[in-house]
Every structure is written in structure tokens, then in C-alpha cells.
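Residue-level structure breakdown
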Amino acid sequence: MPSDFLSNLYVFILAGFVGFELIKRVSPLLHTPLMSLTNALDAIVVVAAIIIAGRQESPLATVLGAIAVAASFSNMVGGFLITDRMLRMFKTGRPNKP
Amino acid sequence: MSSLATVQVLDLIYLVATVLFILAIKWLSSPVTARHGVLAGEIAAALAVGATLFNPELVAYKWIIITLLIGAGVGIPLGLVQMTAVPQRTALSHAFGALSAAMIGIAEYYVGVPHVTRFGMAEIGLEVIIGSLTFTGSVIAAGKLQEILPQRPIVYRGQNFVSLTVLSAAFLLAIALVVNPANTVLFPIMVVIALVFGVLLVTPIGGADMPTVISLLNSYAGFSAALLGFVLNSKVLVVAGALDGSSGFILSVIMCKAMNRSFTNVMFGAFGQVQAGAGAAKEERTVRSASPEEAAGILAAASTVVIVPGYGMAVAQAQHKVRELFDVLTKKGVDVKFGIHPVAGRMPGHMNVLLAEADIPYERLVEMDEVNSDLPQTDVALIIGANDVTNPAARTDASSPIYGMPILEVDKARTVMVIKRSMSPGFAGIDNPLYYLDKTLMLFGDAKVFVGSIIRELAGGGHS
């Protein structure tokens, strides 16, 4: 078993716990924005896609990487945009200023 | 800067991004701080993407720039869709996320072969299978939500057997590849079979189960990104994937609990097919219907009203009319709340977003448990386009397919009014005894039109 695997597993399990504790506390009111925000965060795979597309190791890898860059970057841009649009709509009925 | 030093700086920037990701989700816990969460996420993403462009491994930028522009060109319109289209947009974004993860996994395989280790092959195999099936599954889900594909479950005899055989085939090929990672013939076959399985997985699932399915696909998309982090030894991917995966997983559990069903039942149950005959055997019972004037009179005389919205409100695009009704009644001194069932609509939180879009203050959107303790003291429960989530058979009739499902107990309110197109049973084909109660008034018609008529009556004659 490679040592990288073990250190990644540590990170994965700890991040899973942190995620579980944090997400449990997200109000059901915000479950739709939660899904779109985590989706935008997940689009960080774009950094891996950029490397594959820019390393030019083989034409196939470049094409696959290029598709991955477009797909994940559209998630990143669209995900943040729609999450913010949704959150701006959640207004309280109480006036903010007395 | 030497290339090693650059890589170390990049790693530090990824660490900062990872911390910001965790803060983003932490701040999302309340509507007050939620927008800071988005900002934190945006800063993290910009840092990570910007830093990656300085990675010394990059030799050519042409395709990177072009595809980043294409991504932005596709992403911006997808970020500007109508709120009613959010469920299908979400399914599509799961598809894109999974596609991206699968493509990178496939590229890693072909770049690495014939030097892919067995351990590496196991990681890549699992990652590519999950990514591929999530891609096609999410495309099908998006098609159903957009109503390009039929929303009803598509089932045939022996379906579960066929689906499981296909999934097993994909895993057997993955195992064969672990034994001999250099077998480049098997790899594309495995990918194709995983893609086919995604289609088989989601096709039999009906529209009413979409909240669970979309959450589950969310979870798969997240875990495929985390697995990709293992393949590429990238901690930021592992963390982002773990957060996304656990979020989707928790939402799926919440959705399943809200329907009193198990994962296996949702995925392999094809809800609503078996009990088609259940309602037919019952004798004809009478229902009371009412006109908009009568409904307006009852609402104007009430002091507390709970509105229960469902998918029907979204379909009729009635949320803005519902807001007008809320305003008119509130002005008359009626206390109006909204009772939100966790699985109302087509994705978790769907109703909240639609009502927030219509400018209804979020304190008025009340969760199921809380509203259930208020309902016995409520004068009028007004149901707009919801059916199964209000069905008292879930409490009383052990033979009902939804027995045990937690419901909004609207039958405990003093008067119940249901806006519905006709008496035809809901999506799941389950009869709703609520409609035959003496205290229930059926308001037949399109939700938007009917609510509009009530508002006119209230504005015209209703002096309080």
C-alpha cells in the first residue's frame, strides 16, 4: 500500500467528519443552495483538468483534459453564481434597521 | 523561483483554499452568514485556479484558455436559470462534475499505461466507474426533471437483475484490470458498461423520488472527485470531494427518512407501480368543493393559516400569486405560515427557494415538526399542489404504501382546503383520504388561477 494512499485516507476521513458535523447544522431552508455550493466547491477538479490539458502528454489526454476543464469550470462559475442568486432571495421579514 | 519552490508555494495556496472551503460550508449554516460562505468559496476557487496556471508542468496554454472560456460561457447561463429550473440545473451540474472526474481518471490511465501499478489501477477503476455512472445517471435525471424524458418510472420484468448484472460486469472488468493493468482493451469496455449502468440506474425512478436520487447523485459526484484526489495525490480534491460527498449523503439520508424508505427501496423499488389497483377497490365517496368566494370568505375569517406548497405549485408557477395571497392575508391580520415537507418538490429545499424567490420572509417557512405542533390550533390549512406529504393514510392505514412516512398533519387543522386540478390520484397513484373528510373543501382548478381568484375576492369584498 503506497504511503500516499494512507495520508490521503487520513485527510479523507477527517474531512468527511468535518463535513458531516458542518452539514448537519445547515438549516433545511438552505438545502438547495447547499447542494449548489458544494457542487461549485467540488468543481475544484478543474485544477487537475488544467494540468492534464496543459501537460500535452498525448493528444488523447489533452482532449480528455480539455473536456474536463470546460465541464468543471462551468460548474464552478455557474455553481457560485446560482448559489449567490438564491441566497440573496432569502430575506427576513423583520426590518434590519430599527 | 525554482520549480520545486513553485510547487511548494502552490501546495500552500491549495491548503488555504481547502480551509476556505470548510469555512464556506460552515457559514452556509444560517441565512445570515450564508453569502460570506459563497464569497469564501469564490476566493478559494480563484486562488486555486490562478495558482494552478503557474504549475511548472504546464507547457501549452492554448487549450486551457479556450476551454476555460467555454466553461464560463456554459456556466454563466446555467447560473442564471429560473428558480423553477433549479432541480434540472443541479442534476446537470452533477453530470458535468462526474464527467470531468471520469475524463481525468481515463486520461490518467492512458498517460500512465503500461506503468500503472495494481493499486493505482484499483483507484482509477473505482473512480472511473463511479464517475461514469454518475454522469449518465445525472443526465437521465436532468432529462426527467426537464420533462424531455417521461417522469414516471420506466420498469420492465427482471429489471433489477439486468441492472445488477451490468454493474457486476463493470466491477469484474475493473478486477481484471487490477490483475493486468496493461490490458488497454478492457478499459474502454469497462467505461462503456459503467455509462450504461448509470442509465439503467435512474430510468426506473419516478419524479417523486427525485429529491433522494439527486442527493445520491450529488454524493457519488463528490466521492468520485475525492477518489480522483487519491489517484492524483491531491489533498484539496480529497477534501472538496469528501465535503461534497458527505453533503449529498446526509441529504439522501434526510430525504429517505422523510419518506420512511430505505436507499434500496428508492433505487430498486419503482414506487407507485405495484399499488395501481389499491385505490380502485374503494367505494365512491363524496367530496365537498368550494368556489373562490367561499374560500376567500373562510380565509378572511381565519386568524391562523398554514399554506402547504408542493410540486404542483412549482409546475403551475404559482409562487408569486401565493406571495400576493400571503400579503393580502397578512394585511388583514391573519397569521400565515408555510409548512414545508422535506421532500416537497423535486430536490431538497426546492419549496424554500421558490418561496424565497417570491419574497416571502424565510421565518415564515416552517419545518415539518414545528408546523405539526401548530396545526391542531390552526384555523385553515391550505394545500397547494401537494398530495402524498399530506396523506393521513401514512398515520392510520397500515396497508398504504406510504404507511409510516412522516407527513404534515393538515387533517388536524379546523378547516382544510386543497387546490387541485381534479380528483385524479397523485403521482404515486395513492388515494388520499384527506379529500373525503367533512372538514375538507376541494378547490378545483389551476393553482395560479385559483389563488388569483381568491386574491380578487379578498381585495374586492373582504372588509375585515
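As the structure is a prediction and not an experimental result, all values here were calculated from the model. (Residues numbered from 1 in each chain as written. Chains lettered and ligands numbered in written order. Predicted model: local features only at pLDDT ≥ 70, side-chain atom pairs only at ≥ 80, totals over all residues.)

For the rest of this paragraph, the subject is the domain arrangement of chain B. You can read the domains of chain B as domain 1 (1–75), domain 2 (85–270) and domain 3 (292–460). Domain 1 of chain B and domain 3 of chain B are separated by 43 Å when their C-alpha centres are compared. (Domains from an automatic or database assignment.)

Further remarks concern the packing of helix 2 (residues 31–42) of chain A against helix 4 (residues 86–112) of chain B. For the pair helix 2 of chain A and helix 4 of chain B, interaxial distance at closest approach is 10 Å and the crossing angle is 25 degrees. Relative to helix 4 of chain B, the element helix 2 of chain A is oriented roughly parallel. You can see that helix 2 of chain A and helix 4 of chain B cross each other, and the crossing is left-handed. For the pair helix 2 of chain A and helix 4 of chain B, the contacting residues are A:Thr32, A:Met35, A:Ser36, A:Asn39 and A:Asp42 in the first and B:Val86, B:Thr90, B:Ser93, B:His94 and B:Gly97 in the second. Across the contact of helix 2 of chain A with helix 4 of chain B, the residue classes break down as 2 nonpolar, 7 polar and 1 charged. (Axes fitted to C-alpha atoms, helices over the stretch in contact; angles between N-to-C directions. Helix = DSSP H or I, 4+ residues; strand = E, 2+ residues; numbered from the N terminus. Parallel < 35°, antiparallel > 145°, perpendicular 65-115°, else oblique. Left-handed = near helix turned anticlockwise from the far one by under 90°. Contact = placed C-beta atoms within 7 Å. Nonpolar A, V, L, I, M, F, W, Y, C, P; charged D, E, K, R; others polar.)

Compared with an ideal rise of 1.5 Å per residue, which puts 31 residues at 45 Å, helix 4 (residues 59–89) of chain A spans 45 Å between its outermost C-alpha atoms and is within 8% of the ideal. Burial analysis of helix 4 of chain A places 25 of its 31 residues in the buried class, which makes it a mostly covered element. (Expected span 1.5 Å × (residues − 1). Buried ≥ 20, exposed ≤ 12 C-beta atoms within 10 Å, placed from the backbone.)

What follows is about the interface of chain B and chain A. The interface of chain B with chain A comprises 96 residues on the first partner and 80 residues on the second. At the level of elements, helix 1 (3–27), helix 2 (34–52), helix 3 (62–79), helix 4, helix 8 (210–232), helix 9 (235–259), helix 14 (350–357) and strand 3 (365–367) of chain B are the ones that each hand at least two residues to the side of chain B that touches chain A. Per-element accounting of the side of chain B that touches chain A gives the leading share, 16 residues, to helix 4 of chain B. Partitioning the side of chain B that touches chain A into residue classes produces 58 nonpolar, 26 polar and 12 charged.

On to the nonpolar core, then. Ranked by internal contacts, the top residues of the largest apolar core, which has 197 residues, are A:Ile44, A:Val45, A:Val46, A:Val69, B:Leu237 and B:Ile384. The element best represented in this core is helix 4 of chain A, accounting for 16 residues. With residues near it in sequence (within four places) discarded, A:Val69 still touches A:Val46, A:Ala49, A:Ile50, A:Ala53, B:Ile64, B:Thr67, B:Leu68 and B:Gly71. (Core = buried A, V, L, I, M, F, W, Y, C linked by C-beta atoms within 7 Å.)

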